[in-house]
Structure formats: C-alpha cells, structure tokens
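Take a look at the letters that make up each chain.
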Amino acid sequence: MASPSLSPSARAPRDRLSDLPDFLLGNILSYLPTKEAGCAAGLSRRWRNIFCNVHAISFEEREGERAKDWDTFYYEAEERKSCSGVILDDVCSALLCRRRTAGAHVPLRSFRFAFDDCHHWNAVHVDQWLTYVLRTNRHHELHLDLCFWLGPICRRRKRDRYGGEEEEEVGSGTDNSDAEEERRKWRPWSYVLPRGLFSCTAIRTLRISNCRMNLPKTVELPFLETLSITAPRRDGGRSVQRLISSCLRLVDLTLQSIDRLTTVSVLDKRLRRLAIRCCHSLRTVHIDASELRSLDYSGAAPAESLLSLHGAAGIPSCTVNFCQAPSSESERDRFTRFMEKISAARNLHLHHQHLPYSCFEGFPSFSSLTRLALQGALLIPGAMRRVLEQAPNLEILTLLMEFSTVPERLTAPDESSFSVPCLRSRVKEINMVHYQGDALQRMMARLLFRNALVLERMCVVLVKGPFALQYGLKKEIEGWMVAGHVEKVFL
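Fair warning: this is a prediction, and the values are worked out from it, not measured in the lab.

A. Structural view of the environment of H119. Mapping H119 onto the fold places it in the loop between strand 2 (110–114) and helix 6 (123–136). Measuring from C-alpha to C-alpha, the distance between H119 and S82 comes to 6.9 Å, with 37 residues separating the pair along the chain.

In structure tokens:
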C-alpha cells in the first residue's frame, strides 16, 4: 500500500529551540557577548523580545583607546562631547531595549562596563544606568563590575616595547611611566558612586576601579560575597576598612593599588580567597585564614609581620609576584621568610621576573607542592635545580617563559647532577609556553625531559615562526624524551 502523503507543514523540521519559553532563551543568550545576544533579536518575530530576558549586559573599551582624545576632542573638535560615544550608545541601547517591554523582562543580574578613561561628561549616563539597575533589581542577586580607567595597576612599573614590564625608579624627580599612567596621575575628575549602591541588599559581587566611593554613614551590604577595590580616588584606608567590615558574608576580597591603605583586618569573616596587589603602603593584614583556599600577593618583598594568618593550617593555592627586585640582603631574607610562610601550599604560581638568582639559594622546602608554575625569564640550571630539589612531591611543572637575554657565560651542567627526586619518580606533566629554542631554553628542555622518567604528558607552545624551524624544534624535543607512552602536544 502507498504511504499517505504528508502535508508541507508536517514535513518541515520543527524549531524546538524557539518553542522554549522566553526566560530560558534569555538565559541561554546571557552566556553570549551582549552585542551577539542583541543580534539574535533580528532572527524572527518570535525572537523580537527575547533580549528583554537577557540578564547580563557587558561592554568595554580597549586599553589605550582614549590615549589621543585630548588632542582630537579638546583642541581640534568643534563640538565638545564625550569621547566614549560607542560604549555610551551600546549600554543605553541595551537598557532601553529592556525598558521597552516594562514588566515582561527578567531582572538584570550582571552589569559590567569598562571605560579606557571616563570623562566627566559621562557621569550623567552612568548615573542613569546605575539608577535603573538598582531600581529594577531589589530581590534577586546582582553582580556589578564598574571600571572607569584601564591601565597598569602598579605605579612602580612601566611597559617595555616587548609588551613586558620593567621596574621604574621610585622617588626620582622624573616620571618614567607611560601615557596611561600620566593620565591616571593628573586626571582631576573621578566618578562618585551613588550612595544608594551601598544599601542595595541584592548585590552579591561588587568590583569598582578608579572611582570615588564616598560611603554613607550606614553601609548595608549583608549578602555581598565578592569585593574588589582598585585604586579608589580620595578614599583613605578607613573607608576601605569600613566597607570591608560591613560585608558580613565576604568570602572573596581583592585590594589593588590602594596607596593610603596601611592596615586591613578581616577577623570576623571566613575568607576563601584573598588578593593583595601593589598596595605598597600596607603594613599589617590580619586574616581569619581557617577557610582560606587561595592567596594572591603582588608587591615588594613584605616584612615578616605583614600577613597575620589566624587559624591557618596551610593555604592550598598561592600566587606570588614581586614587582620590585630585592636589592639588599635584608630584603632577600624577607623574601625567604615570606616563602616559608606559604610553604604548605599544594599549588604555587611564582612570578620571578624581578628576583635575582641569589634569592633561590635559600629557597625553602615545599614538601606538599604538587603543581608549580614559574613565570618570567627562564631560570639558569642551578636555580631551577634548587627549586626542584625543594619540591619532592611535584607532579606538574609549568614554565611560562618570557623574553629574556641568554647569559654570556652559560655552561651546561652534567645531566646526572640534574636528576632530582621529583623528576625521577613524581613529575608526570611538563608544560613549556613561549618556547623559541635559544641556548638556555634548549639546555633546560633537554635536562628536564631526559631526567623525567615517569612523564605521562608534555605540552610545548612554540613561538610563531617558519614551519621548518618549528618542525625542527619539535623533532629535537621528541629526541630528548626517555619516558615511554608520553602524550605529546605541540602548539
């Protein structure tokens, strides 16, 4: 018998995605960049109002985008207007699209913007944005990320022509910083956050950068869990400490480039993550570290009394970055004592770009360390061997190599002298990033791979170059492997 013919509508594929309710479609689009989520509104009539259910809005400028606006807009332009017209139009359009169907949209849960350099003409727009966001979300969680200036965090560094960072002299009569740092130093105006923001109980995450807090007498953020403060304007250490003390459920705290902050106390909270970056005036930090899982420190070699970790048996994960090289024996001793304080870590990420090789002579023992990432110019074999000898249980080694000059007098050590216990019996994975095959990198790769007897996986990220050169480096590294059945990845 002939099968009955189907109608055209029955043979057409069913659009199951469009059959989902609006709030589910909006939740899916919230994981896309905001502009791409907005483009989905033009797919069909069914999707016309889906953007009203997108609960995340994020727009940002590129760093350095406003570097030449002073000449272009202040001297040459006939009309005096904001230089950040693109981001202003994008954010206003996104919020107006949500207001177009008032009562039908879901509350905004995440709001983020980043100005390369925010001018005072933008203040009225930012006020309108924050007023709308705070008014429409009173009972759901809200995550705010408000950045008013993009640039280097540390004032003691400057960028070199290779994209890295160089240490600049502190206290000299000349300013060695780049154009972004100059604008940051002399910019007279800064945005003042609305006081109603500090009494919004819906806020779970608050990240603010390069603006004034101007705290009210009473701060009520009872459900705030993540707080990040970067370079607050005209706000001293007392304001920062008062804000921290008002957050009863704080678990993630980040303090960056706060010049007038000298003391921090977080004893009545159970922090799980603490980041202190380039707060060079900081002298004392009292932390209830009984539940601390991650510590991120960036700055000069601290005094032994800087970190007072109460109730801590050991911090599992630590990131250490010294932006100023220890110049004296006492500073090198402070580096050693600081590393001893975190020697119970299982995961360590050490930026050693500004550390002299003498610092590694007294490198303490990390008996519990299983993951180690070393970032900076590649260490000489003697310093690398010292670090590996102090980590007997190391399993994963990552070398994030940056541009460096090869020492003139470089002698290759004997391979047998580089056979340390962790390489013989523990290290299962070795990663090398930015491998270009100079004399020091080749020597270190040969010493590591020929002594890694139980290696299971290796990954080498090669620098851009001719295919013949990269192929030769790949075959050379493979010839140094002694462990069998190793997963090899070259990128």
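Anyway, onward from the coordinates.
B. Structural detail: the packing of helix 10 (residues 381–389) against helix 12 (residues 439–451). Packing of helix 10 against helix 12 leaves a shortest axis separation of 11 Å and a crossing angle of 35°. The two elements helix 10 and helix 12 cross, and the hand of that crossing is right-handed. For the pair helix 10 and helix 12, the contacting residues are P381, M384 and L388 in the first and L440, M443, M444, L447 and L448 in the second. For the contact of helix 10 with helix 12, the residue count by class is eight nonpolar, no polar and no charged.

C. Spotlight on the pattern of salt bridges. Per the stated rule, a full pass over the model turns up 14 salt bridges. In this structure, the salt-bridge partner of E429 is R457, at a minimum N-O distance of 3.4 Å. Residue E429 is located in strand 18 (residues 429–435), and its partner R457 is located in strand 19 (residues 457–462); the two are separated by 28 residues in the primary sequence. A relative accessible area of 19% places E429 in the buried class.

D. A look at the packing of helix 5 (residues 85–99) against helix 6. One can describe the packing of helix 5 onto helix 6 by two numbers: an axis separation of 11 Å at closest approach and a directional angle of 30°. Looking at the two axes, helix 5 sits roughly parallel to helix 6. For the element pair helix 5 and helix 6, the recorded crossing hand is left-handed. The segment helix 5 lies against helix 6, with I87, L88, V91, C92, L95, R98 and R99 engaging H125, W129 and Y132. A breakdown of the residues in the contact of helix 5 with helix 6 according to their chemical character gives seven nonpolar, one polar and two charged.

E. Quick look at the environment of S298. Among the structural elements, S298 can be located in strand 12 (residues 294–299). Residue S298 is classed as buried on the basis of its relative accessible area of 8%. Reaching out from S298, the side chain makes a polar contact with the backbone oxygen of N321 at a distance of 3.4 Å.

F. Structural detail: the nonpolar core. F111 and F449 are the most contacted members of the largest nonpolar core, which totals 131 residues. Setting aside chain neighbours within four positions, we find F111 in contact with I57, V91, W129, L130, V133, H143, L144, D145 and L146.

G. Representation of empty space enclosed by the protein. For the structure on display, the rule yields three cavities of 30 Å³ or more. Taken as a whole, the largest cavity encloses approximately 50 Å³ of empty space. As for the largest cavity, its lining consists of P302, A303, E304, L307, R334, R337, F338 and K341. Residue composition of the lining of the largest cavity, by class: four nonpolar, no polar and four charged. Lining the lining of the largest cavity are residues from two domains, each supplying at least three of them: domain 2 (191–315) and domain 3 (318–405 + 418–490).

H. Region of interest: the pairing of strand 14 (residues 317–322). For strand 12 and strand 14, the ladder comprises six bridges, and the chain directions are parallel. Its bridge partner being in strand 14, S298 is matched across the sheet by N321. Note: strand 14 against strand 15 (residues 347–351), five bridges, orientation parallel. Bridge pairing links S317 to N347 in strand 15. Taking the sense of rotation as the criterion, the β-α-β connection linking strand 14, helix 9 (residues 329–341) and strand 15 turns out right-handed.

I. Inspection of the sheet that holds strand 9 (residues 263–266) at higher detail. Here we have three strands laid out as an open sheet, ordered 9-11-13, and parallel in their pairing. The sheet is open, and its two borders are formed by strand 9 and strand 13 (307–310), each paired with just one other strand. Between one strand axis and the next, the sheet turns through 10° on average, direction left out of account. Relative to strand 11 (residues 284–288), strand 9 runs parallel, the two sharing four bridges. The partner of V266 across the bridge, within strand 11, is I287.

J. Up close: the packing of aromatic side chains. Applying the stated criterion across every chain, the model contains 15 aromatic pairs. Taken together, a centroid distance of 6.1 Å and an interplanar angle of 80° make the contact between F322 and F338 edge-to-face. On the criterion of sequence distance, the pair formed by F322 in strand 14 and F338 in helix 9 is long-range, its members being 16 residues apart. Residues F322 and F338 agree in their burial class; the two are buried. In textbook terms, an aromatic cluster arises when at least three aromatic residues are bridged by ring pairs, as seen for F111, F113, F115, W129, F148 and Y191.

The rules behind the values
- Residues numbered from 1 in each chain as written.
- Predicted model: local features only at pLDDT ≥ 70, side-chain atom pairs only at ≥ 80, totals over all residues.
- Heavy atoms only, no water.
- Helix = DSSP H or I, 4+ residues; strand = E, 2+ residues; numbered from the N terminus.
- Axes fitted to C-alpha atoms, helices over the stretch in contact; angles between N-to-C directions.
- Left-handed = near helix turned anticlockwise from the far one by under 90°.
- Contact = heavy atoms within 4.5 Å.
- Nonpolar A, V, L, I, M, F, W, Y, C, P; charged D, E, K, R; others polar.
- Salt bridge = Lys/Arg side-chain N within 4 Å of Asp/Glu carboxyl O.
- Buried < 20%, exposed > 50% of the residue type's maximum accessible area, 1.4 Å probe, protein only.
- Parallel < 35°, antiparallel > 145°, perpendicular 65-115°, else oblique.
- Polar contact = N/O pair within 3.5 Å; in protein donor to acceptor, adjacent residues only side chain to side chain.
- Core = buried A, V, L, I, M, F, W, Y, C linked by side-chain atoms within 4.5 Å.
- 1 Å grid on protein atoms, 1.4 Å probe; cavity = no way out; pocket = protein on both sides within 12 Å on 5 of 7 lines; lining within 4 Å.
- Points joined across faces, edges and corners; volume = space filled by probe spheres on them.
- Domains from an automatic or database assignment.
- Pairing = 2+ DSSP bridges.
- Right-handed = clockwise from strand over helix to strand, strands pointing away.
- Phe/Tyr/Trp six-rings, centres within 6.5 Å; stacked < 30°, edge-to-face > 60°.

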